[in-house]
Amino acid sequence: MQPKVMMKKKNISASKASLILFLCQIVSALDVPLDSKLLEELLQPPTITQQSPKDYIVDPRENIVIQCEAKGKPPPSFSWTRNGTHFDIDKDALVTMKPNSGTLVINIMNGGKAEAYEGVYQCTARNERGAAISNNIVIRPSRSPLWTKEKLEPNQVREGDSLVLHCRPPVGLPPPIIFWMDNAFQRLPQSERVSQGLNGDLYFSNVQPEDTREDYICYARFNHTQTIQQKQPISVKVFSMDSLNDTIAANLSDTDIYGAKPVTERQPVLLTPTGSTSTKVELRGNVLLLECIAAGLPTPVIRWIKEGGELPANRTFFENFKKTLKIIDVSEADSGNYKCIARNTLGSAHHVISVTVKAAPYWITAPRNLVLSPGEDGMLICRANGNPKPDISWLANGVPIAIAPEDPSRKVDGDTIIFSHVQERSSAVYQCNASNEYGYLLANAFVNVLAEPPRILTPANKLYQVIADSPALLDCAYFGSPKPEIEWFKGVKGSILRGNEYVFHDNGTLEIPVAQKDSTGTYTCVARNELGKIQNEVQLEVKDPTMIIKQPEYKVIQRYGQVSFECIIKHDSTLLPTVIWLKDNDELPDDERFLVGKDNLTIMNVTDKDDGTYTCIVNTTLDSVSASAVLTVVAAPPTPAIIYARPNPPFDLELTGQLERSVELSWVPGDENNSPITNFVIEFEDGLHEPGVWHYQTEVPGTQTTVQLKLSPYVSYSFRVIAVNEIGRSQPSEPSEQYLTKSANPDENPSNVQGIGSEPDNLVITWESLRGFQSNGPGLQYKVSWRQKDVDDEWTSVIVANVSKYIVSGTPTFVPYEIKVQALNDLGYAPEPLEVIGHSGEDLPMVAPGNVQVHVINSTLAKVHWDPVPLKTVRGHLQGYKVYYWKVQSLSRRSRRHVEKKILTFRGNKTFGMLPGLEPYSSYKLNVRVVNGKGEGPASPDKVFKTPEGVPSSPSFLKITNPTLDSLTLEWGSPTHPNGVLTSYILKFQPINNTHELGPLVEIRIPANESSLILKNLNYSTRYKFYFNAQTSVGSGSQITEEAVTIMDEGKEDWKKEIVNGSRSFFVLKGLTPGTAYKVRVGAEGLSQGPGVRSSEDVFETGPAMASRQVDIATQGWFIGLMCAVALLILILLIVCFIRRNKGGKYPVKEKEDAHADPEIQPMKEDDGTFGEYSDAEDHKPLKKGSRTPSDRTVKKEDSDDSLVDYGEGVNGQFNEDGSFIGQYSGKKEKEPAEGNESSEAPSPVNAMNSFV
């Protein structure tokens, strides 16, 4: 509940200001019965809560009810004035006042006449603390007079001429609504050529023969009396040029020259308004209507412009075929010259309307109720604006302040009343009147001086329960005047609570930002002021949080299988948890296949529909946790598919039993195409508002072919039906016939009503407009009402056109408003709408969070705490806090770099957060800002913190150079991220022999300031593997590995020489030993200059040295046995084939050969059915070795060139028609062996089989 706003002298102390603000809040809270005893005892001046509108038009046939309701303590008494003098209701038997109310009831239905009670009424509510007055309520009875009798001559007009049919309705109160109809009560069609003006007249830009009729009737509808008056029918006869020529010809001799002029086209001429200029005055906030109707042939088209400016966007509408310009919610900025231009093919005409926008008074700052303690100061401010500027006058208890009893504490200064050192007798109700020639505003605001001892409204021994590590809020709602001071104690005799671990709110609430188990206990709240002292105890219990210790996991299951999700929880023993399972954030299907256990969910006979996300939610009375997992359903083994089809569309739609709000629809179903129809979907089209758009109406079971449909008023209905089966939806049926329902009041009000300010001083009220068929009738509008919540203000209302937004200006910053939007049309209002709560615009927060503390958890993680800002300084919806943090410098490098700020956002009223991803051994700064819907508030002072050391990253590089027979030189770079002070480097290395085994591991510790090392006493021609990492005081970082080889001993190996053609630039070395280091040099021989010239030497190594042992599969006993069994089986099959062939057994192939003896079949030599001798060519292949070692001394293995041809399964292997093998076994195709460790590869299983055969 928002406190009442008040203004005070600049010299008032801050403590007194907070006291007055608090008292305002408590007194305004008396509207809500927090404590009934308190409400009964506190005195309060009267406040008008309900009154009739200023201009009150009543139905002369019904009783007149003039409302006046007020509240106060003691309850106020009521009196009335009529036309400025006291109205004694006791002397009039027809006038009564409701009990405990000031509402008057004038009994017209028992013989009274409403005209006798016309006048200006004003209500006064009075008690011992003051008197409040209502607005001047002008009572006028509605009038709906008959048309005066007049003789109407028939209108005879030539085709193409213009015509105006005057309506001239009787003067009624309020003015009637005009429309034109015929004798059949059907509205006359209107268009760009024929239309009704704002004055009710019917304008014809040019008449056509079809305009001839005798029943042009003007109707006037008087809404207050619900009566419609009819003008006498007007006759119009249009003479076409053809008929006129025939008439002339019949009356002239054959020798006469005759003939009426044909229809001539004319340039536009304005029918209304007349002349070239006119003026228009409209009031601020009203709807501006400007009209231009032109005559001409062809029919002119109207266009509107604003001279020297643009038509206001989003507020401009065109009506009556653009003949009417409509601007809603006009303001002074809309003043200016508006030009309408009527144009056709022959020319144009224009008219300029000079618009002046005046303004009745409107509030800038309305006076607010003021609650003070004796001896305090305060002020009432009344500021209003208007055009012309309104006059401000003050009244005290309904009497002009100039003649009211004097009060020494009161001083009037224009639009402000200043109070100094008030006493209880200073209590009164003051009225501010702001008026100009266009209206007035009247506001009541009381000054209530109270002296009350402290009271605590929170129930004694109230129990609060919270979860550990979450905030705890202990209430101490209090009241007193002067404002009491609040203190909190833990325990009955504990010391007063102070320190950063507590937050003390202005409303008395004690907040423990992070409650721990030891926070459990009794807390005592003490309230004291100069008139007394009172205390109250509350209890706090801190519970363990609820956790899911075994979460559901992602599952993939085949269709028709079974799946189970686990959800095992741990919770406080005193809390009772409930477990809920959801599928795709909705309830589980109502299906017996879903079995919910104590800590699991099982789904039996899974189908495709079960695919989705399953969530386990655990709720207690204090907290809630959840975990989710995805279930993916895959297809089971394929089964024969059965094809079904969608149903055919229904047909023969028929409407029967037409009523105002219902109709019966029947149809004939189409063919269901082997899949039963499960339901029918009925859709409708509104041909009046949304032609061509189909909407869902209802659906019925597939066994039903008729349905009773509920209808809305003022809708042109057409229906269609769609059949649905398991395969899908049919095509829609053909539409039914159209059915137009009658108009009625709206049944519903706009939805999604919201009030959200876009600026600090406004309130933007939005809503979702009713759709066309929801309007129930023509002339849809909205009544927008608002008032400030928890402030004794009356509703302010405006009626706007069919729009979806209205902006209220001049509001205080971020205060709640009660809002309601009611629909109405030409027939009346919708039911009373529900009220919603909105807020005026937000402004940026005023203060920064205080007491920012940082706790460094480890080298990459820190926790930051802060105190929340007072909610009243947020000036908006608290969205959370933002923590800005950035690295200042690395403590190990002492070098600054570009500052990259990082931002973390913590939602809600959270007062701590974790900062992840920090760099070890670095200096950081951070600040905290509060965030609302408008943006960020000021930053807190920068807080500096440092992260401790961490383990370093791997060294940036490791290079091995200068290999010799027994030494290698190692060079390295320091870690890119030392993350602290380096203490040393760790080098580990081990040899790798020719059988790929790793030798013993040697470890060396190297000082941190070194960057190279020469390893000596190594073995020659040996590969070594090195592991290298850096260390800080925290530990070792990740390592980097490298391999290198010492060179071969030249004294033990002779140089080998190969002669190469002088034209070649490369040579392949063969027969090398795997895993061995070699030196190579190239020399030129046969040069005429002298002996051979040697190039520089280079070192390389064959094959990659592997750190693991490979197993030769050909030497394994199980593999040899398997190959023997396979070979034996093949041998047996071959023997059986030969035996059957030798016995003359006929196979399908042989039968064909016998039947078709082909003399050209020659016996084969290689393919004659005998087997050539098998030779394992692989045993004789030379082992080809050799490489060209790149500069990085790595050896690349060539891609394998294996293929099915190599293993006798290619072109040489063929089968005959009976499936027997007639090809020749072929040995493995000779190929180049891969370079490197070729000899260590396991032999091919196929070759092993062939060798056995």
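This text follows the structure it describes.
Residues numbered from 1 in each chain as written. Predicted model: local features only at pLDDT ≥ 70, side-chain atom pairs only at ≥ 80, totals over all residues. Heavy atoms only, no water.

A. Structural context of the overall build of the protein chain. Regarding its fold elements, the protein chain presents 7 helices and 89 strands. Expressed as a percentage of its 1253 residues, the buried residues of the protein chain come to 41%. Entry remark: accessible area of the protein chain is about 67,400 Å², with carbon and sulfur atoms responsible for 51%. (Helix = DSSP H or I, 4+ residues; strand = E, 2+ residues; numbered from the N terminus. Buried < 20%, exposed > 50% of the residue type's maximum accessible area, 1.4 Å probe, protein only. Areas by Shrake-Rupley, 256 points an atom, 1.4 Å probe, with all protein chains shown as cover.)

B. Region of interest: the sheet that holds strand β77 (residues 922-932). A sheet is described by the order of its strands in space; here 4 strands give the open sequence β75-β74-β77-β78, paired in antiparallel fashion. The two strands at the open ends of the sheet, each matched to only one other strand, are β75 (902-907) and β78 (943-946). Averaged over neighbouring strand pairs, the angle between their axes works out to 30° when direction is ignored. Pairing geometry for strand β74 (residues 878-890) and β77, over 11 bridges, is antiparallel. The residue of β77 that forms the bridge with Ser890 is Ser922. (Pairing = 2+ DSSP bridges. Axes fitted to C-alpha atoms, helices over the stretch in contact; angles between N-to-C directions.)

C. Main features of unusual backbone geometry. With an omega of 5°, the peptide bond running from Lys73 to Pro74 counts as cis. Relative to the helices and strands, Pro74 resides in the loop between β4 (68-73) and β5 (77-82). Note that the residue after Asn387, namely Pro388, is joined by a cis bond; omega there is 5°. Looking at the element boundaries, Pro388 is found in the loop between β31 (383-387) and β32 (391-396). Residues other than glycine seldom take positive phi values, yet Tyr560 does so here, at roughly 70°. Within the secondary structure layout, Tyr560 lies in the loop between β48 (555-558) and β49 (563-566). For Tyr560, a relative accessible area of 56% corresponds to the exposed category.

D. Here's a closer look at the pairing of strand β84 (residues 1023-1032). The buried fraction of β84 amounts to 10 of the 10 residues, a majority that puts the element mostly inside the structure. Burial along β84 is two-sided: the residues Arg1023, Lys1025, Tyr1027, Asn1029 and Gln1031 and Tyr1024, Phe1026, Phe1028, Ala1030 and Thr1032 are all buried. Pairing between strand β81 (residues 982-992) and β84: 10 bridges, direction antiparallel. Each residue of the ladder has a partner; that of Pro991, found in β84, is Tyr1024. Bridge analysis of β84 against strand β85 (residues 1040-1045) gives 6 bridges, and the strand direction is antiparallel. Among the inter-strand pairings, Lys1025 is bridged to a residue of β85, identified as Glu1043.

E. Region of the structure containing the side chain of Ser922. With respect to the helices and strands, the residue Ser922 is situated in strand β77. A polar contact of 3.4 Å, which involves the side chain of Ser922, links it to the backbone oxygen of Glu919. When near neighbours in sequence (up to four residues on either side) are disregarded, Ser922 contacts Lys887, Gln889, Ser890, Leu891, Phe945, Lys946 and Thr947. (Polar contact = N/O pair within 3.5 Å; in protein donor to acceptor, adjacent residues only side chain to side chain. Contact = heavy atoms within 4.5 Å.)

F. Structural context of the nonpolar core. Core analysis: the largest hydrophobic core is formed by 29 residues, its most contacted members being Ile64, Ile66, Trp80, Ile106, Tyr121 and Ile139. Elements that contribute at least two residues to this core include exactly β2 (55-58), β3 (64-66), β4, β5, β8 (104-106), β9 (119-127) and β11 (137-141). Per element, the largest residue contribution to this core is 3 residues, and it comes from β9. Beyond its immediate stretch of four places on either side in the chain, Ile64 contacts Val58, Leu104, Val105, Ile106, Ile108, Ala114, Tyr117 and Ile139. Ranked by size, the runner-up nonpolar core spans 22 residues in total, among them Ile765, Ala801, Val815 and Ala823. (Core = buried A, V, L, I, M, F, W, Y, C linked by side-chain atoms within 4.5 Å.)

G. Examining the pattern of salt bridges more closely. Following the criterion strictly, the structure yields 38 salt bridges and no others. Of the charged contacts in the structure, one is a salt bridge between Glu936 and Lys882, with a shortest N-O distance of 3.1 Å. In this pair, Glu936 is assigned in the loop between β77 and β78 and Lys882 in strand β74, connecting sequence segments 54 residues apart. Ionic contacts of the salt-bridge type, sharing partners, join the residues Asp182, Arg213 and Asp215 into one network. (Salt bridge = Lys/Arg side-chain N within 4 Å of Asp/Glu carboxyl O.)

H. Just the state of the cysteines, in detail. Considering all chains together, one arrives at 6 disulfides under this definition. Paired by a disulfide, Cys68 and Cys123 hold their sulfur atoms 2.0 Å apart. Linking Cys68 and Cys123, the disulfide has an S-S dihedral of approximately -70° and is accordingly described as left-handed. Within this pair, whereas Cys68 is found in strand β4, its partner Cys123 is found in strand β9, the two being separated by 55 residues in sequence. Since its relative accessible area comes to 0%, Cys68 is described here as buried. A relative accessible area of 0% means that Cys123 is categorised as buried. The residue that forms a disulfide with Cys382 is Cys432, at a sulfur-sulfur distance of 1.7 Å. Here Cys382 and Cys432 share a disulfide; its torsion about the S-S bond, -65°, makes the bridge left-handed. Within this pair, whereas Cys382 is found in the loop between β30 (378-381) and β31, its partner Cys432 is found in strand β36 (residues 428-436), the two being separated by 50 residues in sequence. (Disulfide = S-S within 2.5 Å.)

I. Main features of the packing of aromatic side chains. Following the criterion strictly, the structure yields 22 aromatic pairs and no others. Arranged with centres 5.5 Å apart and planes meeting at 65°, the rings of Phe419 and Tyr430 form a pair that is edge-to-face. Note that Phe419 is positioned in strand β35 (residues 416-419) and Tyr430 in strand β36, a separation of 11 residues in sequence. Accessibility assignment for this pair places Phe419 and Tyr430 in one class, buried. Ring geometry for Trp972 against Phe1028: centres 4.8 Å apart, planes inclined by 50°, an arrangement best described as tilted. (Phe/Tyr/Trp six-rings, centres within 6.5 Å; stacked < 30°, edge-to-face > 60°.)

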